[in-house]
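# Understanding the architecture of this molecule
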Amino acid sequence: MAKAKHLPIPPRTDTVALCQAWGIDVADDLLGLALVHRSYANEAGGIANNERLEFLGDSVLSVVVADRLFHDHPQVAESDLSRMRAATVSQEPLAAAARRLGLGDFIYLGRGEANGGGRDKSSILSDTFEALIGATYLTHGLETTRNVILANLDFLLVDAANRGEHQDFKTILVEYAQAHGLGAVHYEVCGEGPDHQRTFTAVALVEGLEGPVGTGTATSKKHAENAAAANAMSSFEASEDSPTL
């Protein structure tokens, strides 16, 4: 990958070592792209970044983990499987997997992110991990990528049932709303702050209720929505009576 002048260089550029930690080689062009955060791409004049690979990797990851959990837990209900998957593929667990690889040291970041601790930011690490999955899929196809994903996430999958018990508050909120006949759940999210310190605030809304039922703030939209759902469930559980229409 061509490096833009006057922009930060990652502490480590030996991608051979990264591939060794990852468990398989990845095509050089795809690997280079997977490591380009949007902050670097923007400051480099709008070059390509890793967000398309992240989109692809997220989909591949979800299918692989769902398949593994489905076969490993044949007696578990769908709602519990959903929580177990969230406990494996959401921001924090993926960031933990990325840290095990030392992935942050290889990411190309803009000045603000590089100087603001972006190499250890969970949102950046999890997104880059997914981009790396996307690059692996395009290089090797599904079955090989499946093996790589499972090898890197085994430490999460072996404890998925325990960690997933209360992990996915968005699913819990939907189930609560359905059980009480409250209608659909949706979220409104707004972001603020510079690119290297972006924060998102989500508001959880339930069709059958007036006003927000919960709010949450985090460094990604998905994480903010989950925090808002957790806030909503805390409010509902603290109330002696179910909310009325």
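Let me sum up the structure you'll find in this document.

What the chain contains, in helices and strands, is 12 helices and three strands. Out of the 245 residues in the chain, the part that is buried amounts to 44%. Intrachain contacts of the chain at a sequence separation of at least 6 include 62% that bridge at least 24 residues. Per element, the accessible surface of the chain, about 12100 Å² overall, is 50% carbon and sulfur.

As a further point, take the nonpolar core. Counting 46 residues, the largest nonpolar core has Trp22, Leu61, Leu103, Phe129 and Leu153 as its most contacted members. Of all elements in the fold, only helix H1 (15-22), helix H2 (28-34), helix H3 (38-43), helix H4 (51-72), helix H5 (78-89), helix H6 (91-101), helix H8 (122-140) and helix H9 (142-157) reach the threshold of two or more residues within this core. No other element matches the seven residues that H8 contributes to this core. Grouped together as the second largest cluster of nonpolar side chains are 20 residues, Ala177, Leu182, Val185 and Ala224 included.

Take the sheet that holds strand E3 (residues 214-218) next. The strand order E1-E2-E3 describes an open sheet built from three strands, whose pairing is antiparallel. A strand with exactly one partner marks an edge of an open sheet, and here the two such strands are strand E1 (185-192) and E3. The sheet shows a mean angle of 20° between the axes of neighbouring strands, direction not considered. In this sheet, E3 lies alongside strand E2 (residues 199-206) in antiparallel orientation, the contact comprising five bridges. Pairing of Phe200 across the sheet is with Ala218, part of E3.

Turning our eyes to something else, we now look at the packing of aromatic side chains. In the structure shown here, the tally under the stated rule is two aromatic pairs. On the numbers, 5.4 Å between centres and 85° between planes, the contact of Trp22 with Phe129 is edge-to-face. One end of the pair, Trp22, is in helix H1; the other, Phe129, is in helix H8, with 107 residues separating them in the sequence. Ring geometry for Tyr40 and Tyr108: centres 5.3 Å apart, planes at 70°, overall edge-to-face. Taken as a pair, Tyr40 in helix H3 and Tyr108 in the loop between H6 and helix H7 (111-115) lie far apart in primary sequence, 68 residues in all. With a relative accessible area of 0%, Tyr40 lands in the buried category. Residue classification places Tyr108 among the buried residues on the basis of a relative accessible area of 8%. Sitting above the plane of the Phe155 ring, Arg100 keeps its charged end 3.9 Å from the centroid.

Among the surface-exposed residues, Tyr137, Leu138 and Leu142 lie close enough to one another that they form a single nonpolar patch of about 240 Å² accessible area. On the secondary structure map, Leu138 appears in helix H8.

In total, this model carries 10 salt bridges according to the counting rule given. The residue Arg68 makes a salt bridge to Asp154 at a minimum N-O spacing of 3.7 Å. Taken together, the residues span a long stretch of sequence, with Arg68 in helix H4 and Asp154 in helix H9 at a distance of 86 residues. In this structure Arg68 comes out as partly exposed when scored by relative accessible area, which is 21%.

Once that is clear, we can look at the environment of Ala97. Examined against the element boundaries, Ala97 turns out to sit in helix H6. A residue is classified by how much of its surface remains accessible, and Ala97, at 2% relative accessible area, is buried. For Ala97 and Cys19, which are 78 residues apart along the polypeptide, the C-alpha to C-alpha distance reads 14 Å. When neighbours within four sequence positions are excluded, Ala97 is seen to be in contact with Phe129, Asn152, Leu153 and Phe155.

This part is about H6. Along H6, the positions that sit buried rather than exposed are Gln91, Pro93, Leu94, Ala95, Ala97, Ala98 and Leu101. One or two steps after H6, the chain reaches Gly102, where phi turns positive at roughly 70°.

Time to look at the side chain of Ser123. When you line up the elements, Ser123 lands in helix H8. Other than its neighbours up to four places away in sequence, Ser123 contacts Gln91, Thr219 and Ser220.

What counts, and where the lines are drawn
- Residues numbered from 1 in each chain as written.
- Predicted model: local features only at pLDDT ≥ 70, side-chain atom pairs only at ≥ 80, totals over all residues.
- Heavy atoms only, no water.
- Helix = DSSP H or I, 4+ residues; strand = E, 2+ residues; numbered from the N terminus.
- Buried < 20%, exposed > 50% of the residue type's maximum accessible area, 1.4 Å probe, protein only.
- Contact = heavy atoms within 4.5 Å.
- Areas by Shrake-Rupley, 256 points an atom, 1.4 Å probe, with all protein chains shown as cover.
- Core = buried A, V, L, I, M, F, W, Y, C linked by side-chain atoms within 4.5 Å.
- Pairing = 2+ DSSP bridges.
- Axes fitted to C-alpha atoms, helices over the stretch in contact; angles between N-to-C directions.
- Phe/Tyr/Trp six-rings, centres within 6.5 Å; stacked < 30°, edge-to-face > 60°.
- Lys NZ or Arg CZ within 6 Å of the ring centre and 35° of its normal.
- Patch = residues over 30% accessible without salt bridge, like charges linked within 9 Å, V, L, I, M, F, W, Y side chains within 5 Å.
- Salt bridge = Lys/Arg side-chain N within 4 Å of Asp/Glu carboxyl O.

Functional significance is not addressed by these values, which are geometric in nature.
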